[in-house]
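Examining the three-dimensional arrangement
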Amino acid sequence: MARTRRVVGGKSKKVTVSTDAYGHTAGWAATDLEAALAVPPDSEAAAFFDVDNTMMQGASIYWFARGLAARKYLTTGDLARFAWQQARFRLLAREHAGDMSRAKATALAFVEGWRVDDMERLSEEIFDELMAERIWDGTRALAQLHLDAGQRVWLVSAAPVELGRVIAGRLGLTGAVGTVAEVKDGAYTGRLVGDLMHGPAKADAILQLSEVEGLDLSRCTAYSDSSNDIPMLSIVGNACAVNPDSALLAEARERGWDVRDFRTGRKAAKIAVPTTAATAVLVGAVAAGVALRRRRSRR
């Protein structure tokens, strides 16, 4: 007997298939097997995916900054400082409340005065140029399983919500939840609306979204690579650690959560770009870099 498993919503469904002496399926047509593996649509279930190092390699805000640098909004020196900050925070492996506070104060200051449509255009261009090829195939396949099951799939990220929406749209997902910038007369003021979409704020956003969308969180699934997202993973019925950091891996093992790792050792070692743990700090760094460029240009 051969057993086939298909993972949907963090749970595996077992199908027993009869085989002959050579391991070939006996009496099962392909369409029969597909029917056996099919999952009925569940309109009250959804999947929530973190973005940085979960859906894509590295941090979306870093790749966005790379795209801005290519367009002369930032310098290579600014990018080097961002990378240095990321390396520092990865080595320390913990959050710094003071830095988080500064990040919140200046998180989206760099877009002050920008038109919303310009931000959306830049997000689309930079996704196509730098981010599309960095989407994890395995995580994308997980998202597709939920879509095929008739579920909604949302990205939940600390990155600007406009960038999250572009990524979701390019991947054919339902939508995105992210950090929101204040807009007045079609332009950004440089201030935040609410908090950075980070840590417990993600769990709060999912709770609010579930009320609006009529979701049963016990039937929902959440995916993340970072221990910072334990609050988000804890409020759904099915949690999955994707490319997890060491703290999240330990938590997942203790709680019996699913673990999916789509990195090879060689590829993981090469990824030296910012990841989820320091995204909020990096957003502040982007703001500081652009502000410095503006001051220099005025002299």
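Keep in mind that this is a model prediction, so the values were computed, not measured.

One side chain can pair with another of opposite charge once the charged atoms of both are near each other. One pass over the full model with this rule turns up 15 salt bridges. The salt bridge partner of K202 is D50, with a shortest N-O separation of 2.8 Å. Taken as a pair, K202 in helix 8 (residues 200-213) and D50 in the loop between strand 3 (46-49) and helix 2 (60-70) lie far apart in primary sequence, 152 residues in all. Grouping residues by exposure puts K202 and D50 together as buried. Residues R71 and E129 are paired through a salt bridge, measuring 2.7 Å at the closest nitrogen-oxygen approach. Of this pair, R71 sits in the loop between helix 2 and helix 3 (76-92) while E129 is found in helix 5 (residues 116-131), placing the two residues 58 residues apart along the sequence. Here the salt bridges share partners, and the residues they tie into one network are R71, D118, R121, E125 and E129.

F49, M55, F64, M131, L155, I167 and L173 are the most contacted members of the largest nonpolar core, which totals 39 residues. At the level of elements, strand 3, helix 2, helix 5, helix 6 (137-148), strand 4 (152-160), helix 7 (161-171) and strand 9 (238-242) are the ones that each hand at least two residues to this core. Counting residues per element, this core draws most heavily on helix 5, at seven residues. Sequence-distant contacts of L173, that is, excluding residues within four places in its chain, are made with M55, R140, A143, L147, V153, L155 and A168. Counting residues in hydrophobic clusters, the runner-up holds 23 residues, among them W154, V156, A201 and W257.

Turning next to the side chain of Q151. Examined against the element boundaries, Q151 turns out to sit in the loop between helix 6 and strand 4. Of the residues examined, Q151 reaches a relative accessible area of 9% and is grouped as buried. Of note is the side chain of Q151, whose polar atom sits 2.8 Å from the side chain of H146. Leaving out residues up to four positions away in the same chain, Q151 has contacts with D42, A45, A46, A47 and H146.

The subject of this paragraph is the pairing of strand 3. Two faces, one strand: in a regular strand the side chains alternate between the faces of the sheet. Because side chains alternate across strand 3, one face comprises the buried residues A46 and F48, and the other comprises A47 and F49, equally buried. In this structure, strand 3 lies alongside strand 4, joined through four bridges in parallel fashion. Within strand 4, the position partnered with F48 by the bridge is W154. Both strand 3 and strand 8 (residues 221-224) contribute to a ladder of three bridges, which runs parallel. Paired with F48 across the two strands is A222, which belongs to strand 8.

All right, on to the confidence of the model for the protein then. Model confidence for the protein is summarised by a mean pLDDT of 76, while 63% of its residues fall at 70 or above. Ranking the elements of the protein by mean pLDDT puts strand 2 (residues 11-17) last, at 40, and strand 8 first, at 98. Counted against residues more than four places away or in other chains, residues 1-39, with its pLDDT under 50, gives 64 contacts. Here residues 266-299 scores under 50 on pLDDT; set against residues more than four positions off or in separate chains, the count is 86 contacts.

So, on to the sheet that holds strand 8. Strands sit in the order 5-4-3-8-9-10 across an open sheet of six strands; the sheet is parallel. The two strands at the open ends of the sheet, each matched to only one other strand, are strand 5 (175-179) and strand 10 (258-260). Taking the axes of each pair of neighbouring strands and ignoring which way they run, one obtains an average angle of 20° across the sheet. Contacts between helix 7 and the sheet are confined to strand 4 and strand 5, with strand 4 contributing the most and set at about 145° to the helix.

Of note in this structure, N53 is not a glycine but carries a positive phi near 65°. Tracing the sequence through the fold places N53 in the loop between strand 3 and helix 2. Residue N53 is classed as buried on the basis of its relative accessible area, which comes to 8%. Positive phi, close to 55°, is recorded for D185, a residue that is not glycine. The residue D185 is located in the loop between strand 6 (181-184) and strand 7 (187-192) in this model. Judged by relative accessible area, which is 68%, D185 ranks as exposed.

Scoring rules and cut-offs
- Residues numbered from 1 in each chain as written.
- Predicted model: local features only at pLDDT ≥ 70, side-chain atom pairs only at ≥ 80, totals over all residues.
- Heavy atoms only, no water.
- Salt bridge = Lys/Arg side-chain N within 4 Å of Asp/Glu carboxyl O.
- Helix = DSSP H or I, 4+ residues; strand = E, 2+ residues; numbered from the N terminus.
- Buried < 20%, exposed > 50% of the residue type's maximum accessible area, 1.4 Å probe, protein only.
- Core = buried A, V, L, I, M, F, W, Y, C linked by side-chain atoms within 4.5 Å.
- Contact = heavy atoms within 4.5 Å.
- Polar contact = N/O pair within 3.5 Å; in protein donor to acceptor, adjacent residues only side chain to side chain.
- Pairing = 2+ DSSP bridges.
- pLDDT = per-residue confidence, 0-100.
- Axes fitted to C-alpha atoms, helices over the stretch in contact; angles between N-to-C directions.

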